[in-house]
Amino acid sequence: MKKLHVFNFWDRLQAGMLKDILAKEGIECMLRNDQLSSAVGEIPFVECCPELWIVDDEAYPRARLFLDAWLKNEPSAQNAWICASCGEHCDGQFGACWACGALHD
Ligand SMILES: [Zn+2]
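This report concerns the structure included in the present document. (Residues numbered from 1 in each chain as written. Predicted model: local features only at pLDDT ≥ 70, side-chain atom pairs only at ≥ 80, totals over all residues.)

1. Considering helix H1 (residues 12-24)
Along its 13 residues, H1 runs 19 Å from first to last C-alpha, staying within 8% of the 18 Å computed at 1.5 Å per residue. For H1, the secondary structure elements touched by its buried residues are strand S2 (29-32), strand S3 (51-54) and helix H2 (60-72). (Helix = DSSP H or I, 4+ residues; strand = E, 2+ residues; numbered from the N terminus. Expected span 1.5 Å × (residues − 1). Contact = placed C-beta atoms within 7 Å.)

This is the structure in structure tokens:
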């Protein structure tokens, strides 16, 4: 078993989504520290960060590729747009240009 990725404490949801994606690809994986338990406060903060582990070592390289592709294609990056009036790159989560305020159509 190999550790694929350690998520940020607040990326619990993301960790669960990635696990589902990998499972659909036939890559067996498991999440550690995915529960906020009563142990929080008794164990070091970092131990509460969700960790994604690949059960089958041979599937690790494939899982790695999926992770990299997935991290690159996070929704905010996917929907990034270019402002028509000033040419600035804007994140998909914004409905208006952060530089000039023009609305995204
Ligand atoms: Zn603009």
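2. Some thoughts on the environment of Trp10
When you line up the elements, Trp10 lands in the loop between strand S1 (2-6) and H1. Residue classification places Trp10 among the exposed residues on the basis of 9 C-beta atoms within 10 Å. Taking the C-alpha atoms as reference, Trp10 lies 9.8 Å from Cys48; in sequence the two are 38 residues apart. (Buried ≥ 20, exposed ≤ 12 C-beta atoms within 10 Å, placed from the backbone.)

3. Considerations on the nonpolar core
Membership of the largest hydrophobic core is limited to 8 residues, which are Leu4, Ala15, Leu18, Leu22, Cys29, Leu52, Ile54 and Ala63. Contributing elements (two or more residues each) for this core: H1 and S3. The biggest single contributor to this core is H1, with 3 residues. Other than its neighbours up to four places away in sequence, Leu18 contacts Leu52, Leu67 and Trp70. (Core = buried A, V, L, I, M, F, W, Y, C linked by C-beta atoms within 7 Å.)

4. Overview of the packing of H1 against H2
Running from N to C, H1 and H2 cross one another at 135°; their axes reach a closest spacing of 11 Å. Compared by their axis directions, H1 and H2 come out oblique. As H1 packs across H2, the resulting crossing turns out to be right-handed. For the pair formed by H1 and H2, the contact residues are Leu18, Ile21 and Leu22 on the first element and Ala63, Phe66, Leu67 and Trp70 on the second. Here the contact of H1 with H2 is built from residues that sort into 7 nonpolar, no polar and no charged. (Axes fitted to C-alpha atoms, helices over the stretch in contact; angles between N-to-C directions. Parallel < 35°, antiparallel > 145°, perpendicular 65-115°, else oblique. Left-handed = near helix turned anticlockwise from the far one by under 90°. Nonpolar A, V, L, I, M, F, W, Y, C, P; charged D, E, K, R; others polar.)

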